[in-house]
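A closer look at the structure
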Amino acid sequence: MQMVFLRLLFLTSLLCSSTHQARLVVDFSSSQLFEGTRVALKCEADDASEGWTVKRNTTKRLSTCGEGWGKRTNSSCTIEFLFVQDTGLYWCESMSGSSSSSSSSIQLSVSGGSVILQSPVLPVMEGDDVTLSCRAKNPTHNLPAAFYKDGVFIGNESSGNLTLHHVSSSDEGLYKCNIKGHGESLSSRISVKAKPPVTPPSSGAAPSASGPVQLTYTVLRHLVVFCPYFISTIILVSLYQPRPLENNLENSPPTESEQGTEVKVEITTNNYV
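Residues numbered from 1 in each chain as written. Predicted model: local features only at pLDDT ≥ 70, side-chain atom pairs only at ≥ 80, totals over all residues. Heavy atoms only, no water.

1. Quick notes on the side chain of Ser185
Here is the rule we go by: Note on conventions: DSSP H or I runs of at least 4 residues are helices, E runs of at least 2 residues are strands, and numbering of each starts at the N terminus. Three exposure classes are used, based on accessible area relative to the maximum for each residue type with a 1.4 Å probe and protein chains only: buried under 20%, partly exposed in between, and exposed over 50%. We call two residues contacting when some pair of their heavy atoms lies within 4.5 Å.
Looking at the element boundaries, Ser185 is found in the loop between strand 17 (183–184) and strand 18 (188–190). The exposure class of Ser185 is buried, given its relative accessible area of 6%. With near-sequence residues (within four places) excluded, Ser185 lies in contact with Gln32, Val115, Ile116, Leu117, Lys176 and Cys177.

If you want it as structure tokens, here you go:
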């Protein structure tokens, strides 16, 4: 019985931990930054729980904020001075329990040169307009720039800004820019995510398109609230379950029918011998 309770507790813990999600929030809007920039990264969880930390994967190693880089404060991480070596993938990861949960990652590129391409940190929604800005470290005002996609020249912009209208999957790729007399930026990838389908409301009594989504959200929210109480109940029941009936039977004298059974078994055994 105790083993059953332990298995049920384990499965419930897995179910509860799977509902915990987090996202990485940053204080910069471009995936490329100049060396020497100060940045702040923070993990925000849906259930407002602690135990999340910022991790990264660079060309050197996989590490956690505070392990030779950044200053960790609870679920936040601050890098006072970016170096080129800080280029890499950053994400949030849960440190609670034996299970591991992580958020989606972002690519941060640190340039030691004089030009950067300011492009979205996160994937852009299909159908939206996206503006790419080519910026020099000095002077900081806009300068004419040439833009490239996957190494192919796609146009000059006197303002240093290139707008992609109504982006689609065909706009995905590596973009970079060049300012004459200042240099070329690093390449940054533009990713486009599909827009969720919109189902037109019907005139009948059928549920709206947001019904399944709302139902899923409600179930997950109740699971997050219910799991701690359910686990506590299982622990209490497993600790305070009544003594097994077998113990009482061992201490009670055998009945006449039981004595007869024992005699029969003994006789049968002797016959075989």
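2. What about the confidence of the model for the chain?
The criterion, for reference: The pLDDT score gives, residue by residue, the confidence of the prediction method on a 0 to 100 scale.
Averaged over every residue, the pLDDT of the chain is 78; the share at 70 or more is 62%. Here helix 4 (residues 256–272) is the element of the chain with the lowest mean pLDDT, 44, and strand 13 (residues 145–149) is the one with the highest, 98. Low confidence marks residues 257–273, where pLDDT is under 50. Its contacts with residues over four positions away, or in another chain, come to 1 contact.

3. Thoughts on the nonpolar core
Heads up, the condition is: Only buried residues count toward a nonpolar core. Its members are Ala, Val, Leu, Ile, Met, Phe, Trp, Tyr and Cys residues joined through side-chain atoms within 4.5 Å.
Judged by nonpolar contacts, the single largest core of 21 residues is most densely connected at Val54 and Tyr90. Elements with a contribution of two residues or more to this core: strand 1 (22–26), strand 3 (39–45), strand 4 (52–58), strand 7 (76–79), strand 8 (88–94) and strand 9 (106–111). Contacts of Val54, omitting those with residues within four sequence positions, involve Leu24, Leu41, Cys43, Thr64, Cys65, Trp69, Ser75, Cys77, Tyr90 and Trp91. Cys134, Ala145, Tyr175 and Ile190 belong to the second-largest nonpolar core, a separate cluster that totals 18 residues.

4. What to know about the sheet that holds strand 12 (residues 130–136)
The cut-off we apply is this: The rule for pairing is simple: two strands pair if DSSP sees at least two bridges between them. With axes taken as lines fitted to C-alpha atoms, and helix axes fitted only over the stretch in contact, angles between N-to-C directions fall between 0 and 180 degrees.
Pairing is antiparallel in the open sheet, where 3 strands are placed in the order 10-12-15. Looking at the sheet topology across the chains shown, the edges are occupied by strand 10 (115–118) and strand 15 (161–164). Neighbour to neighbour, the strand axes of the sheet diverge by 15 degrees on average, direction disregarded. Pairing between strand 12 and strand 15: 4 bridges, direction antiparallel. Bridging across to strand 15, Leu132 finds its partner in Leu162.

5. So, the packing of aromatic side chains
Let me state the cut-off plainly: Note on ring pairs: Phe, Tyr and Trp rings are taken, using the six-membered ring of Trp, and paired if centres are within 6.5 Å. Classes follow the plane angle, with under 30 degrees stacked, over 60 edge-to-face and the rest tilted. Charge-over-ring contacts are defined here by two conditions on Lys NZ or Arg CZ: a distance within 6 Å of the ring centre and an angle within 35 degrees of the ring normal.
Taken as a whole and judged by the stated rule, the model has 3 aromatic pairs. Between Trp69 and Tyr90, the aromatic rings sit 5.9 Å apart at their centres with planes inclined by 90 degrees, giving edge-to-face as the arrangement. Residue Trp69 is found in the loop between strand 5 (62–64) and strand 6 (71–73), and its partner Tyr90 is found in strand 8; the two are separated by 21 residues along the sequence. Per residue, the accessibility class of Trp69 equals that of Tyr90, and both read buried. For the pair Phe81 and Phe83, a centre-to-centre distance of 4.9 Å together with 45 degrees between the ring planes defines the contact as tilted. In this structure, Arg56 is placed above the aromatic ring of Trp69, and the distance from its NZ or CZ to the ring centre is 4.2 Å. The ring of Tyr148 has Lys176 sitting right over it, with the charged end atom 5.9 Å from the ring centre.

6. Topic: the state of the cysteines
For the record, the criterion: Defined by distance alone, a disulfide is two cysteine sulfur atoms within 2.5 Å.
Enumeration according to the criterion identifies 3 disulfides in this entry. For Cys65, the disulfide goes to Cys77, at an S-S distance of 2.1 Å. Here the disulfide of Cys65 and Cys77 is right-handed, its torsion about the S-S bond being about 90 degrees. Of the two residues, Cys65 sits in the loop between strand 5 and strand 6 while Cys77 sits in strand 7, which places them 12 residues apart along the sequence. With relative accessibility at 0%, the residue Cys77 sits in the buried group.

7. Concerning the sheet that holds strand 3
Read across the sheet, 4 strands follow the order 1-3-7-6 without closing on themselves; strand pairing throughout is antiparallel. The open sheet has two edge strands with one neighbour each: strand 1 and strand 6. Neighbour to neighbour, the strand axes of the sheet diverge by 20 degrees on average, direction disregarded. Pairing of strand 1 with strand 3, which is carried by 5 bridges, proceeds in the antiparallel orientation. Pairing of Val26 across the sheet is with Leu41, part of strand 3.

8. Structural notes on the pairing of strand 8
For strand 8, the tally of buried residues reaches 6 of 7 residues, placing the bulk of the element in the interior. Two elements, strand 4 and strand 8, share 7 bridges in a ladder whose sense is antiparallel. Paired with Val54 across the strands is Cys92, a residue of strand 8. Bridge analysis of strand 8 against strand 9 gives 3 bridges, and the strand direction is antiparallel. Residue pairing in the sheet places Gly88 in a bridge with Leu108 of strand 9.

9. What about the pattern of salt bridges?
Let me state the cut-off plainly: The salt bridge criterion pairs a side-chain nitrogen of Lys or Arg with a carboxyl oxygen of Asp or Glu, the two atoms within 4 Å.
Applying the stated criterion to the full structure yields 5 salt bridges. With a closest N to O distance of 3.3 Å, Arg23 and Glu44 form a salt bridge. Here the residue Arg23 occupies a position in strand 1, and Glu44 occupies one in strand 3, the gap between them amounting to 21 residues. The class of Arg23 is partly exposed, set by a relative accessible area of 42%. In this structure, Arg56 engages Asp86 in a salt bridge whose closest nitrogen and oxygen atoms are separated by 2.7 Å. With Arg56 in strand 4 and Asp86 in the loop between strand 7 and strand 8, this pair connects stretches of sequence that are 30 residues apart.

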